Amino acid sequence: MKTTFIIIIIALIFSLVCVIRIAKYGGSVIRPDFRKALERINRGNMFSFLIENRFWYRSNVVGYYLIWFMWLFIFITLLCLVII
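Taken residue by residue, helix α2 (residues 34-41) has Phe34, Ala37 and Leu38 as its buried positions. For α2, the angular spread of buried residues about the axis comes to 95°, placing them on one side. For α2, the elements touching its buried residues are α1 (2-26) and α3 (54-83).

Membership of the largest hydrophobic core is limited to eight residues, which are Val19, Ile22, Ala23, Phe34, Ala37, Val61, Tyr64 and Trp68. Elements that contribute at least two residues to this core include exactly α1, α2 and α3. Apart from the residues lying within four places of it in its own chain, the contact partners of Ile22 are Pro32, Phe34, Ala37, Ile41 and Tyr64.

Analysis parameters
- Residues numbered from 1 in each chain as written.
- Predicted model: local features only at pLDDT ≥ 70, side-chain atom pairs only at ≥ 80, totals over all residues.
- Heavy atoms only, no water.
- Buried < 20%, exposed > 50% of the residue type's maximum accessible area, 1.4 Å probe, protein only.
- Helix = DSSP H or I, 4+ residues; strand = E, 2+ residues; numbered from the N terminus.
- Arc of directions from axis to C-beta.
- Contact = heavy atoms within 4.5 Å.
- Core = buried A, V, L, I, M, F, W, Y, C linked by side-chain atoms within 4.5 Å.

Interpretation in functional terms is not warranted from these geometric data alone.
And the structure:
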């Protein structure tokens, strides 16, 4: 049980870091420039050719918003628990 909890916490931290990096390099939290952000993140990476792949690009966009909404939901839930 402890191991599962630790893995979940680590995954949440890494997902938050990914969202922050894309928002920082993309210029906005709500509508970042994904192409610019992904090019900056993958600079010097051997998988940088994946930016040209349309499926990979769209999956990053969808993943970004899913993680962003997950963190927004966690924040609102914790806020409601504190208020109640």
